[in-house]
Every structure is written in C-alpha cells, then in structure tokens.
Amino acid sequence: MNTLKLLALPLVMLLLLAGCGNDQEEIDEVYPEIILTAPDAFPVQCSALASGETFTFRALLQDNIELGSLSVDIHHNFDHHTHSTEPTDCDMEPVKTPENPFLLIRDFPIPAGQRAYEVSFDIAVPADVDPGDYHFMIRLTDKTGWQSIRGLSIKIN
C-alpha cells in the first residue's frame with residue numbers, strides 16, 4: 001500500500017503541472033483614444049457654442065481591450081488658465097471675473113464590452129451663463145484604469 005501511495009504522488013503532481021498552461025491574461029498597457037478627427041466630431045478646438053441652445057457632443061472612443069467610463073467637464077477659462085491638449089491656440093477675450101459661469105460635470109454611459117464607441121449626447125447650455133472662454137475636458141478611462149484626457153478651448157456666445 002505504501003508503494004501505491006509513493007507512485008500516486010508523482011502521478012498527481014504530473015497531472016497538476018500538466019493542467020497549468022501558459023494562458024496568461026493580456027496585460028493592458030495602452031491608453032484609450034478620444035478621436036475628434038471625424039467630420040461630425042463636436043466640439044473641437046476653438047468651437048463656439050450658443051447660450052440657450054443645445055449641442056450634440058460627438059466623438060469616437062477606442063481601446064485595445066475594453067472601454068470603461070467617459071466624463072465631460074465644461075468650466076470657464078476667464079482667468080486664462082490652461083490644460084489644453086491641442087497644438088493650436090484660440091483667440092481669447094480679456095481676463096474677467098465670472099458672475100454666472102457655465103459649469104457641467106457629467107458622466108456618459110458606455111455600453112459594456114465595447115472596444116469602439118461613437119459618442120452622441122445632447123448638452124444644453126443655459127441661456128443666462130456668462131459668455132466667453134471655456135474649457136471642454138473629455139476624460140476617457142478604459143476597463144483596466146488607463147485614462148486619456150482631451151482639453152479643448154471653446155467659446156460660449
């Protein structure tokens with residue numbers, strides 16, 4: 001009986017080792033992409049929005065494995081601070097103090113399992129907001145946590 005146990009132990013070890021394959025999960029080291037080069041992408045750098053109107057935010061989002069979450073932040077740039085990611089500058093109005101600036105921080109849903117997704121969401125700009133220079137920040141995070149940011153300079157008239 002001891003001989004049988006001694007023979008069984010190496011056999012069990014061999015079966016366990018054979019079951020361990022080289023099926024390693026792919027490691028995601030790629031940032032997701034916010035693509036604003038399509039003809040209908042909006043807004044883009046230096047776009048103008050009209051107060052009291054609704055515009056459609058459109059962009060193409062892509063990731064090598066799976067998209068996660070999307071958020072937009074629109075805030076005033078009356079003090080000329082910067083987080084623009086774009087290579088071109090826009091004409092800016094003089095520095096001013098905000099009285100009733102537009103502020104929007106909003107998450108937008110991305111269906112689960114998507115590698116590419118075309119965003120198309122309506123955003124209303126209140127009629128009584130201060131006109132002037134604003135930032136339109138787009139934050140895209142993939143399922144593993146990599147994040148891309150696009151910072152656009154826009155105007156609200």
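For clarity, every value in this text was computed on a predicted model and none was experimentally measured. (Residues numbered from 1 in each chain as written. Predicted model: local features only at pLDDT ≥ 70, side-chain atom pairs only at ≥ 80, totals over all residues. Heavy atoms only, no water.)

Undergrad: What's the story with the overall build of the protein chain in this structure? I'm lost.
TA: Looking only at helices and strands, one finds one helix and eight strands in the protein chain. Mapped from its N terminus to its C terminus, the protein chain presents α and β elements in the order α-β-β-β-β-β-β-β-β. Of all 157 residues assigned to the protein chain, the portion counted as buried reaches 34%. Put simply, of all contacts in the protein chain between residues at least 6 apart along the chain, 76% involve residues at least 24 apart. Of the roughly 9800 Å² of accessible surface on the protein chain, 56% is carried by carbon and sulfur atoms. (Helix = DSSP H or I, 4+ residues; strand = E, 2+ residues; numbered from the N terminus. Buried < 20%, exposed > 50% of the residue type's maximum accessible area, 1.4 Å probe, protein only. Contact = heavy atoms within 4.5 Å. Areas by Shrake-Rupley, 256 points an atom, 1.4 Å probe, with all protein chains shown as cover.)

Undergrad: Help me understand the sheet that holds strand S4 (residues 67–76), please; the structure alone is not making it clear to me.
TA: Sheet strands line up and pair through hydrogen bonds in the backbone, either parallel or antiparallel. Reading across from one edge, S2-S8-S7-S4-S5 is the order of the five strands in this open sheet, with mixed pairing throughout. With partners counted over all chains shown, the strands left at the sheet margins are strand S2 (48–49) and strand S5 (104–108), one partner each. Relative to strand S8 (residues 147–156), S2 runs parallel, the two being bridged by two bridges. When the sheet's bridge partners are listed, Ala-48 is paired in S8 with Lys-155. (Pairing = 2+ DSSP bridges.)

Undergrad: When you look at the state of the cysteines in this model, what are you seeing that I'm missing?
TA: Covalent bonding between the sulfur atoms of two cysteines is what defines a disulfide. The full count for this structure, using the stated rule, is one disulfide. Here Cys-46 is linked by a disulfide to Cys-90, with a sulfur-sulfur distance of 1.9 Å. Judged by the torsion about the S-S bond (-100°), the Cys-46/Cys-90 disulfide is left-handed. Pair noted here: Cys-46 is in the loop between strand S1 (33–35) and S2 and Cys-90 is in the loop between S4 and S5, with a separation of 44 residues, a long-range link. Overall, Cys-46 belongs to the partly exposed group, its relative accessible area being 38%. You can call Cys-90 buried: its relative accessible area is 18%. (Disulfide = S-S within 2.5 Å.)

Undergrad: Is there a simple way to explain the nonpolar core in this structure?
TA: Ranked by size, the top nonpolar core spans 30 residues in total, and within it Phe-57, Leu-61, Ile-74 and Phe-136 carry the most contacts. Once residues within four sequence positions are removed from consideration, Phe-136 is found in contact with Pro-43, Phe-55, Phe-57, Val-72, Asp-73, Ile-74, Ile-123, Arg-150, Gly-151, Leu-152 and Ile-154. (Core = buried A, V, L, I, M, F, W, Y, C linked by side-chain atoms within 4.5 Å.)

Undergrad: Can you help me understand the sheet that holds strand S6 (residues 116–124) in this one?
TA: Spatial strand order, S1-S3-S6: three strands in an open sheet with antiparallel pairing. A single partner strand is all that each edge strand has here, and the edge strands are S1 and S6. Strand after strand, the sheet turns through a mean of 30° between neighbouring axes, direction not considered. In terms of strand pairing, strand S3 (residues 54–62) meets S6 through nine bridges, oriented antiparallel. Note on S6: the bridge partner recorded for Thr-56 is Asp-122. (Axes fitted to C-alpha atoms, helices over the stretch in contact; angles between N-to-C directions.)

Undergrad: Is there a simple way to think about the pattern of salt bridges in this case?
TA: A side chain with one charge can pair with a side chain of the opposite charge if their charged atoms come near. Following the criterion strictly, the structure yields two salt bridges and no others. When the shortest N-O distance is used, the salt bridge between Glu-86 and Arg-150 registers 2.9 Å. A residue pair is termed long-range when its members are at least 10 positions apart, and Glu-86 in the loop between S4 and S5 and Arg-150 in strand S8 qualify at 64 residues. (Salt bridge = Lys/Arg side-chain N within 4 Å of Asp/Glu carboxyl O.)

The values reported here are purely geometric and, on their own, carry no functional implication.
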